Amino acid sequence: MRYSAELIEKLDQTAKRIRRNMVVSVGVGVAGHIGGSCSAADLVTAIYFYKMRHDPFNPAKKDRDRFLLSKGHVAILQYAALAEAGYFPIEDLKTTKEIGSYLQGHPDVQKTPGIEAGTGSLGQGVSIGLGMALGLKADKLDSRVYVLCGDGEMAEGQIWEAAMAASVYRADNLVVLVDKNGLQATGGTKDRFDTDPLPDKWRSFGWNVLEIDGHHMEEILAALDMADFMKGKPTVIIARTVKGKGISFAEHVAGFHNGILTEENYEKALNELS
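Residues numbered from 1 in each chain as written. Predicted model: local features only at pLDDT ≥ 70, side-chain atom pairs only at ≥ 80, totals over all residues. Heavy atoms only, no water.

Draft legend 1. Representation of the overall build of the chain within the structure. Along the chain, the regular secondary structure elements total ten helices and nine strands. Radius of gyration (C-alpha) of the chain: 17 Å, near the 19 Å computed for a compact globule of 274 residues. By its C-alpha atoms, the chain is 50 × 45 × 40 Å across when sized along the principal axes. The proportion of buried residues among the 274 residues of the chain is 54%. (Helix = DSSP H or I, 4+ residues; strand = E, 2+ residues; numbered from the N terminus. Rg over C-alpha atoms; globule rule 2.2 N^0.38 Å. Buried < 20%, exposed > 50% of the residue type's maximum accessible area, 1.4 Å probe, protein only.)

Draft legend 2. Expanded view of the state of the cysteines. Tallied over the full model, the rule gives zero disulfides. Between Cys38, a cysteine without a disulfide, and Cys149, which holds the nearest cysteine sulfur, the sulfur-to-sulfur distance is 19 Å. We classify Cys38 as buried; its relative accessible area is 1%. Taking relative accessible area as the criterion, Cys149 reaches 0% and is therefore assigned buried. (Disulfide = S-S within 2.5 Å.)

Draft legend 3. Highlighting the UniProt feature "domain: Transketolase N-terminal" (unreviewed entry) in the chain. Here the UniProt-annotated "domain: Transketolase N-terminal" (unreviewed entry) positions come out as residues 14-267. Here residues 14-267 is 37% helix and 15% strand, with 20 Å between the C-alpha atoms at its ends. (UniProt positions renumbered as here; feature names shortened; annotations may be inferred.)

Draft legend 4. Representation of the nonpolar core within the structure. In terms of nonpolar packing, the biggest core is built from 58 residues, with Phe67, Leu148, Leu177 and Ile247 touching the most fellow members. Of all the elements, helix α4 (residues 75-85) adds the most residues to this core, at eight residues. When sequence neighbours within four positions are dropped, the list of residues in contact with Phe67 reads Val44, Ile47, Tyr48, Met52, Gln78, Glu116, Tyr146 and Leu148. Ranked by size, the runner-up nonpolar core spans 26 residues in total, among them Leu130, Ala133, Leu136 and Ile238. (Core = buried A, V, L, I, M, F, W, Y, C linked by side-chain atoms within 4.5 Å. Contact = heavy atoms within 4.5 Å.)

Here it is, written out as structure tokens:
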């Protein structure tokens, strides 16, 4: 599949703005999940601004596609994407995690427009997504469900129960994206709970498996498009990414899984993403 240079450039610039707005939402001196948000920013950009059918002026539109942030601790990523898409003012990102704000540390379906489910208890997103996907089929709607998971999250048993069920029920309108950045809160996934080889595991559960560079926009778009043509099987896109991508001092650093920005680092991050 071929994509225009203009489209790729537009999406790359959108991803950069989303990363910058995530930094603004975290601010100085407050812990924020910068690393895993930056690693998945290109994936989420492609979903919201290329692939997914959604309407910021009618978030509950019946035939919309659904996006679930299974690793809900990176809510700043979804908030930045929703603000960029027009669900609420970008200026409101500065209120993230403040008392009374509708932008809390994990997505809240009752408070925040564009959120499909409260997530953050790791491992539950695929189960919720499967339920939605089967419900859409029962309603004879052609909508699709996209679920973003972390690679550390692959250690959760509920992921694999849902994966098995999705294959049994032939949920071909369900797409799971795995942000495979190799790091979790306290270090490397291989050193904590090694779930590799992930492609073989998902394949053995009956899924259509695609492996991509999660920072190569053209590869991301192609994988999302290929998933549309898979019939009778759910699709998982395993994206190789870099924790903290786009912020030099945060790249490959486990400490920025939930790190605190100094004034100096805050300004440096904004300059690098300007």
